[in-house]
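Here is what each chain is made of, one letter per residue.
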Amino acid sequence: MDSTAESYRTPRLGEGFRTHLFGEEVVVPARDPRHVTAWKLGAQFEAPAPTGRLVLPAGALYLWRHPDERHLYRAEIAGVYNNVFWSLKPEDWGDFEFGFTFNNFTLPEAWNEVYDGVTDKSQQIYWGFVRPGFTLGYRQSLENGRSDNMWQINWVVEPGYFYSGRSSQTAADMVLPRSTFELRNRLVVRWDGLERNLLSLPHAGYAAGADFVQGFRTDWDDWGTPGYSFSKNEGQHYSIVNAYAVASGGIPFVDSERHRMVAWLHGAVGHNVDRFNAIRVGGGPNAMGMEYGASAMPVLPGTSIWEFYPEHYLIGALEYRWELSWFSYLSAHGGVGYLDPYRPTASGELRRSNELLPWMGARLSTGFIGDTMVMLDYAHSFNLVNQDTRGANEVMLWISGEL
């Protein structure tokens, strides 16, 4: 690969090639993207920061196994948070499949929420859930032959258990939500036709998906505090619909693969959602389009990780990416989020308020020591309120590599 040639072609994920760097020959061997074991570690810094959240760690182990058309295994393993999908096409089923899922959130410490950057310790309680599941579906690979390019539709039945408990900070007048069995039905749709570069960044094509969730809590009742209360009917039956789309391609009138545009849109609407079942929206690692299942998680740059649990949201972004070299990329990105987070009123109560949260930022993505990748991302949120200050700065540093 001659990086100085006019017809230079950006190397794609999994491809092997020879090139030169600082006068030395570099050989990058081909690798099999059907079998991936990777890790990711990082930290988010925000200023001004929400109370107690100046630095938030993030990390996970990622596994992808797609050895043939019959088998698929995808897992994000973080211990306190895990998301696992396994499926198999029996020989006489054609492209139909069955499988198992597992999802949990089991933080070993009490979780508190922040509103306008201030911690509400009266709500600090232990809570979490465990959701095993069974799935039936249909999965078909696309014609280009890449292991992560396929479309899939699955019905998932999730019998699970939600639990809660008091902490030393929980307000005496807070009525806890009941620990209870819950049953969720999910319809999951995924379509991935993205071509990715050497660092897994989306290079060309598009991906889209949607989730339709219907949930029922068997033993539910009124809960909350005087300024933040929910009735039994506001959460026993709930539903959520979310969808996303990611697209990447060249810049009009610029005949070069070194310059790319990436756009993505993410939105959801829910009925009877609360802090325990809503889709979490916030900042953190931006993996939109980088992997088959990563785009289903919404990202709102400039805010704290999992900061909001809105009833509805819509996030749109546009990114320009410049290839500095075959292993380094510099991006400028901006966008806006529209959502209805809880905010404190003058009387001290919490009420949902529709907000526009625009941002601008920049990102450096580069290969690093020992076949690792480093991403350094900065974003400024123009309208976020943290501790009576409007406007916030987020810095996200993460490093990842394959095992």
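In what follows, the accompanying structure is described. These numbers come from a predicted model, not from an experiment.

So, on to the nonpolar core. With 23 residues, the main nonpolar core has Trp127, Trp223, Tyr228 and Tyr342 as its most contacted residues. Elements with a contribution of two residues or more to this core: strand 8 (111–115), strand 9 (118–141), strand 15 (228–230) and strand 16 (237–250). A per-element tally of this core places strand 9 first, with 3 residues. When sequence neighbours within four positions are dropped, the list of residues in contact with Trp127 reads Phe105, Trp111, Phe162, Tyr163, Ser164, Arg275, Phe276 and Arg280. Ranked by size, the runner-up nonpolar core spans 21 residues in total, among them Val246, Met288, Phe308 and Tyr313.

Here Met375 shows up in strand 23 (residues 372–386). For Met375, a relative accessible area of 2% puts it in the buried group. With 313 residues separating them in the primary sequence, Met375 and Tyr62 have C-alpha atoms 17 Å apart. Residue contacts for Met375: discarding those within four places in its chain leaves Leu201, Met290, Arg363, Leu364, Ser365, Met396, Leu397 and Trp398.

Our next topic: the pairing of strand 11 (residues 180–192). The two faces of strand 11 differ: Thr180, Glu182, Arg184, Arg186, Val188, Arg190 and Asp192 on one face are buried, but Phe181, Leu183, Asn185, Leu187, Val189 and Trp191 on the other face are not. Pairing of strand 10 (residues 150–166) with strand 11 involves 12 bridges; the strand directions are antiparallel. Paired with Tyr161 across the strands is Phe181, a residue of strand 11. Where strand 11 and strand 13 (residues 202–217) come together, 11 bridges link them in antiparallel fashion. Along strand 13, the bridge assignment pairs Arg186 with Val213.

For the rest of this paragraph, the subject is the side chain of Thr37. If you trace the backbone, Thr37 turns up in strand 3 (residues 35–47). Within the structure, the side chain of Thr37 is placed 2.7 Å from the side chain of Arg65, a separation counted as a polar contact. When sequence neighbours within four positions are dropped, the list of residues in contact with Thr37 reads Leu61, Tyr62, Leu63, Arg65, Gly401, Glu402 and Leu403.

So, on to the pattern of salt bridges. Scanning the entire structure with this criterion turns up 28 salt bridges. Between Glu257 and Arg12 there is a salt bridge, and its shortest N-O distance comes to 3.0 Å. Placement of Glu257 in the loop between strand 16 and strand 17 (259–271) and of Arg12 in the segment before strand 1 (17–21) is noted, with a sequence separation of 245 residues between them. Look at Glu257 and you get partly exposed, because its relative accessible area is 22%. Residue Arg12 is classed as buried on the basis of its relative accessible area, which comes to 8%. Here Glu158 makes a salt bridge to Arg184, at a shortest N to O gap of 3.1 Å. Of this pair, Glu158 sits in strand 10 while Arg184 sits in strand 11; the two residues are 26 residues apart in sequence, bridging distant segments of the chain. Note on accessibility: Glu158 and Arg184 belong to one class, buried. One connected set of salt bridges, linked through shared partners, spans Glu158, Arg184, Arg186, Arg190 and Asp211.

Looking at where Gly282 falls in the secondary structure, it is placed in the loop between strand 17 and strand 18 (312–325). Taking the C-alpha atoms as reference points, Gly282 and Pro301, 19 residues apart in sequence, are found 7.0 Å from one another. Beyond its immediate chain neighbours, meaning those up to four positions away, Gly282 contacts Pro298, Val299, Leu300, Thr303, Ser304, Trp306 and Glu307.

Another point: a nonpolar patch on the surface. A cluster of nonpolar side chains, contributed by Trp86, Trp93, Phe96, Phe100, Phe134, Leu136, Ile153, Trp155, Leu187, Phe212, Val241 and Val269, occupies part of the molecular surface with about 1,100 Å² of accessible area. Listing elements by their share of the nonpolar patch, those giving two or more residues are strand 7 (96–105), strand 9 and strand 10. Assignment of secondary structure puts Val241 in strand 16. For Val241, a relative accessible area of 34% translates into the label partly exposed.

What counts and how
Residues numbered from 1 in each chain as written. Predicted model: local features only at pLDDT ≥ 70, side-chain atom pairs only at ≥ 80, totals over all residues. Heavy atoms only, no water. Core = buried A, V, L, I, M, F, W, Y, C linked by side-chain atoms within 4.5 Å. Buried < 20%, exposed > 50% of the residue type's maximum accessible area, 1.4 Å probe, protein only. Helix = DSSP H or I, 4+ residues; strand = E, 2+ residues; numbered from the N terminus. Contact = heavy atoms within 4.5 Å. Pairing = 2+ DSSP bridges. Polar contact = N/O pair within 3.5 Å; in protein donor to acceptor, adjacent residues only side chain to side chain. Salt bridge = Lys/Arg side-chain N within 4 Å of Asp/Glu carboxyl O. Patch = residues over 30% accessible without salt bridge, like charges linked within 9 Å, V, L, I, M, F, W, Y side chains within 5 Å. Areas by Shrake-Rupley, 256 points an atom, 1.4 Å probe, with all protein chains shown as cover.

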